[in-house]
Every structure is written in C-alpha cells, then in structure tokens.
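Coordinate analysis (summary)
Here is how the chains run, residue by residue.
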Amino acid sequence: MSDYAISTDGLRKSYRGVRRRVAVDGLDLRVPVGGVHGFLGPNGSGKTTTIRMLLGLIRPDDGEIRIFGHEVPATLPDVIARVGAIVESPKFFPNFTGRQNLELLASAIGTKRPRVRQVLAETGLSDRAGDRFATYSLGMKQRLAIAATLLKEPDLLIFDEPTNGLDPAGIHEIRTTMRRLADEGRTVLVSSHILAEVEQIADTVSIIGRGRLIASGSVAEIIGDRAESVRVVLRPEEGERAEGVLTAAGLTVRSDHEALLVDGATDPADVNRLLAEQGLYARELGGVRVGLESVFLELTHDAELGRTRRRDRRHGTGEEAA
Amino acid sequence: MLLRTELRRLRIRRLVWLFVVAGVLGSFFVLFTTWVSAQPITDEMREQAEVAYQDQLERWEEHGEEEIERCEEEQARIADETGEDPGFDCADMMPQREHFLPHEQSLAEHVDWSGLTSAIMVLGVVGLAIGTTAVAAEFSSGAMATLLTFQPRRLRVYAGKVGAVALATVPLSLLLCTILGVGMWAIFEIRGLDATVSDALLWTAVRALALLPAAAIVGAVLAFLLRSTAVVLAVVAGFAIGWEAIGVGMAQTLAPFSIRTNLVGWLQYGTTYFVNTCESQPDGSVFCDSTEQTLSFAWNAGFLAVVGVLLIAVAALVFRRRDLS
C-alpha cells in the first residue's frame, strides 16, 4: 500500500500557442493518505493543470503520476473508482434535473439508484433534485458536484477552487463538508488561492508557483520559525534607530507600514527591554502570529524573484552583455 | 452499461424530441411538394395541348418540306466536317400529338427525379443534427470532462456515444421513411397516377432506412472532432458548397468522389453521371459532347463505407489523445 494518495515526480506540461507556455514545470508533489491537503498557488501557477493531469483529462509532457500507487494515466481506470473530483466549476447538463444528472453518472459506473437518493440527501439537495441544473444557485451546483463525487464512495476527493463565487455561508458549508469527509478517513486535496480558508481545514499543504513546488509539509512546518514575531510601533523619527538596535541584537526586522515586525523574538518583553536600554520606548507592543497567507506571499514572491534573477543571469543584463 | 446510459440520456434530451418533430414536419412538407407536383393530366390541359398541336401541324403543312431540307443540309455539313453522322432524324420532325401533352409522372420517376433528394435532405439533416448536438453539448457544458472522471476509458466512452446515436435514430428512421414512402405512394394512388412499387423501389426504401442513423453517426463523429455544433455546421456547409457544389459541379470527373452522388447511387443501386468533353474544330468552333458514366452500387457502398470508417477512426484517435479543458 502506498504512503501517498497522490505522488508526482518531475511532472511537466506546456501548452502550444503563439509562444510555448509552461504550465507545470517539474512538479514533485506528495499528498499523504488521509486528512485535508491544501494545494496552494497563485492564479496561473499550474494547480488546475496538475489536477487535470491527475484525472487523465490532459496528458503530461513528462514525469510520473501515481494515485494510491497506480500509475496515471496508464492504470487510471483501475483506480478511478476511488477518486471523486470537481475540476473548476461544476459541469453538468444544464437542462437536465439534478437527479437526472446524477442518475446518468451513476448508471455509467453501475451504481444503483438508491445511492443517488442517498447522496442527494447527504448534500441537502433532495428537495430540489427535480429542478433543472441551470436553475440552481452556485452553492447548489457545488453541492450537486460533491454529491456526484460521493456516488463512487471515494477514498480520495479532489476539489479545485471549490469556494469560487460562493457567499460566506456557502464557503462555510463547503469547508465543513471537506473537513467532515477527511474526518471520515478520506483524503481530500483542495486547491485554492484563498489561503485563509485552507489554513482553517488543511492538515498539510503544498505551495506551488510557476508550476514548481515551493514548499510542502504540515501548516505548522510551513509557517515554521516565522510562526511568531513581535510588532512594535514607535515614534516615526525613532524607527530607523530602533531597527539598528534590534538588528544589532541578531533579530530580523521588517517594516510593516508604521510598525516594525521583529522576527525571531518570541517574547515582546525581550524586545521592549532591548529598546528601553537605548532610550527607545514603544508606543505599542505585542506578539503577532504569522498566518499561512504571509508565508505564501513571501514564498511565492521569493520564487518569482528567483525566477527573474535566473532569467537575468541566463540572458545577461545590458551592462553585463556590454 | 455506457450504451444504456447514453440511450437514456438521448431519450430525456428535449432537443432530440424537437428534432423528431422537425423530421416529421419536414417529411410532411416533402409530401406536400409531392402532392403539388404529382398532377394528373386534366381535360383543360388536354384541350390546351390539342390547340398547340393543331397550330404546329398547320405550320408544318405549310413549311414542313423546307424544314426537312434545311435539316438535311445541316446534317450533311456536320457529317462532312466531323466524318460522323450526327443522326438528326430529319424525317421524324413532324409534330406528334403526345409531345404536346404534359408528362404524367409515375411514382418511380418522382422518386428518381426529386423524391430521393428531398428524402436525403430530411433524413440527413435530422440525423446530422441529432448526432452533432448530442455530443457537442457534452463538450460545451463540460459534462464530457465530468463523465471522464467517472469513466476514463475514452474509447469506451466514444463507442458508447456513437453507438447510442446510431441505435437511438433507428426507430426515427423507420418512422420518417414510412411517412415518406407510404405518403408518396398514397399521393400517387389518390391522384390516379402510376403508383406501381417495383422491387427496385422497395429496396430503395429499405436502403434509405440506413440514411438517418448513418448521418447521426457522422454528426456525432464530427462533433467529437470539432467539439462545437456551430463549427460542425460551418464545416458541413463549407463541404457542401466547396466540394459538392463548386468542385464536383465544375469538374464532373470528380463525381465518383462526391458524397451526394454516392448517396444517390446507394439508394438507387448504382447511378450515372455525365462528363462533358469539348473539342476545338478546324473552323475554330468548339464541339462539346456529353457522355454518361456509370457508378456501380459496389463503388457507391464501398466509397461511403471507406469515408465513414476513416472519419470514425480519425475522430476516435483524436478524442483518445486530446486534452480536455
């Protein structure tokens, strides 16, 4: 039995167009069995392309994909019964009712009708099952898509941007559903660029940028030593001197609008003492917990910067060329 | 399993029923035009023909000999120039009464001259529309991608969908062919015209049964290739105008490779087409002759089968390898 629900090695995909566009660039992804795994990345970072490759909808140019140890796409039919997925927005026949759409999918895989009734009830759609899909709200469409994935009673659920366009109640509902599914022992892979929602439910995350893996691990591991910092607000004219004092003490100082964020310091009292010894008195002082969003922005920004630098090195700047 | 699913989907698809209604209405429109064209000769038409005949006979009695003389001179001149007798039959130029009566069509003639073309139009368009829209809707709604996350074996999905449109259109084909066939026969009977149903005509009707399912398969296959009803329609219209009308129309030697010609041949158990050959004469004029060429039923059936199998195979390969967004 594989340790990973999903693993990819050196996965690549580029699209032909006027210019060849690399969507996924040697991605090594590991999604452990069980729990919610957040698949994070800015728009255009290759999340949806990766998910489509996992589901055999598009062919990778290179690299390996395994789902529960089965090689994809070669042996995808052997494992697809264990995988439920919603790619981007829910896609069904608009003029068929919710029930008809589910019954057609169920009959395509030999699932009996009672299961359709069951998943409709599980997702709270029994009352509207006889209405046309086109008349559903976005939240209901999303619930129908979840109902469809549950027809197979899957071990792995893949949700691509599941809360796009939903209102807060809808977002909460989807989040709760994903958590519940994971608590039932399934693996849930959820791709998103909305970090706050993933942070609340994900056990592990992978962050990608420009089609490459930037970071992977548990949320706590990703946040790591950035977990806490101290926020200090001083008089504007004292900011520069305070930064010098704290840096000299071996701390990392970042500017955050009118405040200074001091990384590496876990106790605000230590920072207060250092500043007071130099005659600097904080107007505000407190501990700040760094969220996944800050780390994500920092990592994806670093990745982008690194890429730009690599590109510059490859092509040479104007001065270097001269 | 997939075939049953697809048949069920087609059954609950409203657009399919809309095309069924359109097919029935189209068939009745064809019957209406048949009713209008299947005119028996009335007493009034006979009287008019008699007047015209008598008028021509009078002229012939006055100038007949001169006309025969002129005809023979022309015949001799052409024979001198070309070395061949043009066969003007100058002695038979006298007006005949039957030449002035309008032709009374028989059922067999009506089917040959216009009935088949109308039937091809109705059955072909309805079949093509059902097949194309059924598959293209899956691409445009994204339901194809959803289905493939349940059944990733693409060739099975392809075979299921193409097979389903073929099977689902068989009863409709029976219905429309019955309406057209029985309707045309009934009209000729009611009009008191020759409504004899020969074996050949009966077999034509039997072979016409394959038309609608075949068109539905072609529509589905084209939709797999092009993924949009609008694009399929544009390609079919482009083919009909560019190849069938302009290409084959201008170069009649291409007729053996025309879908329309071979469809007619399939229905009529072989067909003919004409090729014009023109030669410059020593006096600078151009002499054109039209020769009739025959296409056997084996050629017609073989050509259509090869085109069909090629289309099905290419679409299967494309669908198997294509990225789905």
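See the structure shown above.
Below or above, wherever it landed, is the structure these notes cover.

Parameters and conventions
Residues numbered from 1 in each chain as written. Chains lettered and ligands numbered in written order. Predicted model: local features only at pLDDT ≥ 70, side-chain atom pairs only at ≥ 80, totals over all residues. Heavy atoms only, no water. Patch = residues over 30% accessible without salt bridge, like charges linked within 9 Å, V, L, I, M, F, W, Y side chains within 5 Å. Areas by Shrake-Rupley, 256 points an atom, 1.4 Å probe, with all protein chains shown as cover. Salt bridge = Lys/Arg side-chain N within 4 Å of Asp/Glu carboxyl O. Lys, Arg positive; Asp, Glu negative; His and termini not counted. Charge placed at Lys NZ, Arg CZ, Asp CG, Glu CD. Helix = DSSP H or I, 4+ residues; strand = E, 2+ residues; numbered from the N terminus. Phe/Tyr/Trp six-rings, centres within 6.5 Å; stacked < 30°, edge-to-face > 60°. Lys NZ or Arg CZ within 6 Å of the ring centre and 35° of its normal. Contact = heavy atoms within 4.5 Å. Polar contact = N/O pair within 3.5 Å; in protein donor to acceptor, adjacent residues only side chain to side chain. Buried area = accessible area lost by both parts, 1.4 Å probe. Nonpolar A, V, L, I, M, F, W, Y, C, P; charged D, E, K, R; others polar. Disulfide = S-S within 2.5 Å. Buried < 20%, exposed > 50% of the residue type's maximum accessible area, 1.4 Å probe, protein only. Pairing = 2+ DSSP bridges. Right-handed = clockwise from strand over helix to strand, strands pointing away. Core = buried A, V, L, I, M, F, W, Y, C linked by side-chain atoms within 4.5 Å.

This part is about a positive patch on the surface. Taken together, the side chains of Arg99, Arg113 and Arg117 of chain A together with Arg11 of chain B define a basic patch exposed on the protein surface. Structurally, the position occupied by arginine 11 of chain B is in helix α1 (residues 2–12).

As a further point, take the packing of aromatic side chains. Tallied over the full model, the rule gives 15 aromatic pairs over all chains. An aromatic cluster is present here, built from Phe139, Tyr158, Phe224 and Phe319 of chain B joined pairwise through their rings. Here lysine 141 of chain A stacks its cationic end above the ring of phenylalanine 133 of chain A, 5.3 Å away from the centre of that ring. In this structure, lysine 152 of chain A packs its charged tip against the face of phenylalanine 150 of chain B, placed 4.5 Å from the ring centre.

All names here are of chain A. Among the structural elements, arginine 20 can be located in the loop between β1 (4–15) and β2 (21–32). If sequence neighbours within four positions are ignored, arginine 20 has contacts with Ser14, Tyr15 and Asp61. Side-chain polar atoms of arginine 20 contact the side chain of serine 14, separated by 3.2 Å.

A separate point is the interface of chain A and chain B. Contact with chain A, which involves 31 residues of that partner, is made by 27 residues of chain B. A per-residue breakdown of the area chain A buries against chain B is headed by Leu57, Arg59 and Phe93 of chain A, which together make up 23% of the total. In this structure, the connection of chain A to chain B is made through two salt bridges. A salt bridge links arginine 8 of chain B to glutamate 103 of chain A; the shortest N-O distance between them is 2.8 Å. Counting across the chain A and chain B interface gives eleven residue pairs in polar contact (both at pLDDT 80 or more). For the side of chain A that touches chain B, the elements supplying multiple residues, two or more each, are α2 (76–79) and α3 (98–108) of chain A. With six residues, the single largest contributor to the side of chain A that touches chain B is α3 of chain A. Across the side of chain A that touches chain B, the residue classes break down as 17 nonpolar, five polar and nine charged.

This part takes up the state of the cysteines. Residue and element names in this part refer to chain B. A complete count under the given rule lists two disulfides over all chains for this structure. Disulfide pairing places cysteine 71 opposite cysteine 90 at an S-S distance of 1.9 Å. For the disulfide bridge between cysteine 71 and cysteine 90, the dihedral angle about the S-S bond is near -75 degrees, and by the sign convention the bridge is left-handed. Of this pair, cysteine 71 sits in helix α3 (residues 43–82) while cysteine 90 sits in the loop between α3 and α4 (107–141), and the two are 19 residues apart along the sequence. This pair shows no difference in class: cysteine 71 is buried, exactly as cysteine 90 is.

Residue and element names in this part refer to chain A. By the criterion of burial, strand β7 (residues 156–160) is predominantly enclosed, with five of the five residues buried. Where burial is concerned, the two faces of β7 agree: the one with Leu156, Ile158 and Asp160 and the one with Leu157 and Phe159 are both buried. Relative to β7, strand β6 (residues 83–86) runs parallel, the two sharing four bridges. The residue of β7 that forms the bridge with glycine 84 is leucine 157. Both β7 and strand β8 (residues 187–192) contribute to a ladder of five bridges, which runs parallel. What sits directly across from aspartate 160, in β8, is serine 191. Traced from β7 through helix α6 (residues 168–183) to β8, the parallel crossover comes out right-handed.

This next bit is on the pattern of salt bridges. All names here are of chain B. Scanning the model with the defined rule gives 30 salt bridges over all chains in all. The partner of arginine 9 in a salt bridge is glutamate 6, and the shortest N-O contact between them spans 3.2 Å. Of this pair, arginine 9 and glutamate 6 are both found in helix α1, three residues apart, which corresponds to roughly one turn of the helix. Across the pair, glutamate 6 and arginine 9 agree in class, each one buried. When salt bridges that share partners are traced, they join Glu6, Arg9, Glu138 and Lys161 into one network.

In this structure, Ile6, Ile67, Leu102, Ile158 and Phe159 of chain A together with Phe224 of chain B are the most contacted members of the largest nonpolar core, which totals 133 residues. For this core, the element with the highest residue contribution is α4 of chain B, accounting for 14 residues. Ignoring sequence-local partners within four residues, the contact set of phenylalanine 159 of chain A consists of Ile86, Ile146, Met178, Leu181, Val188, Leu189, Val190 and Ser191 of chain A.

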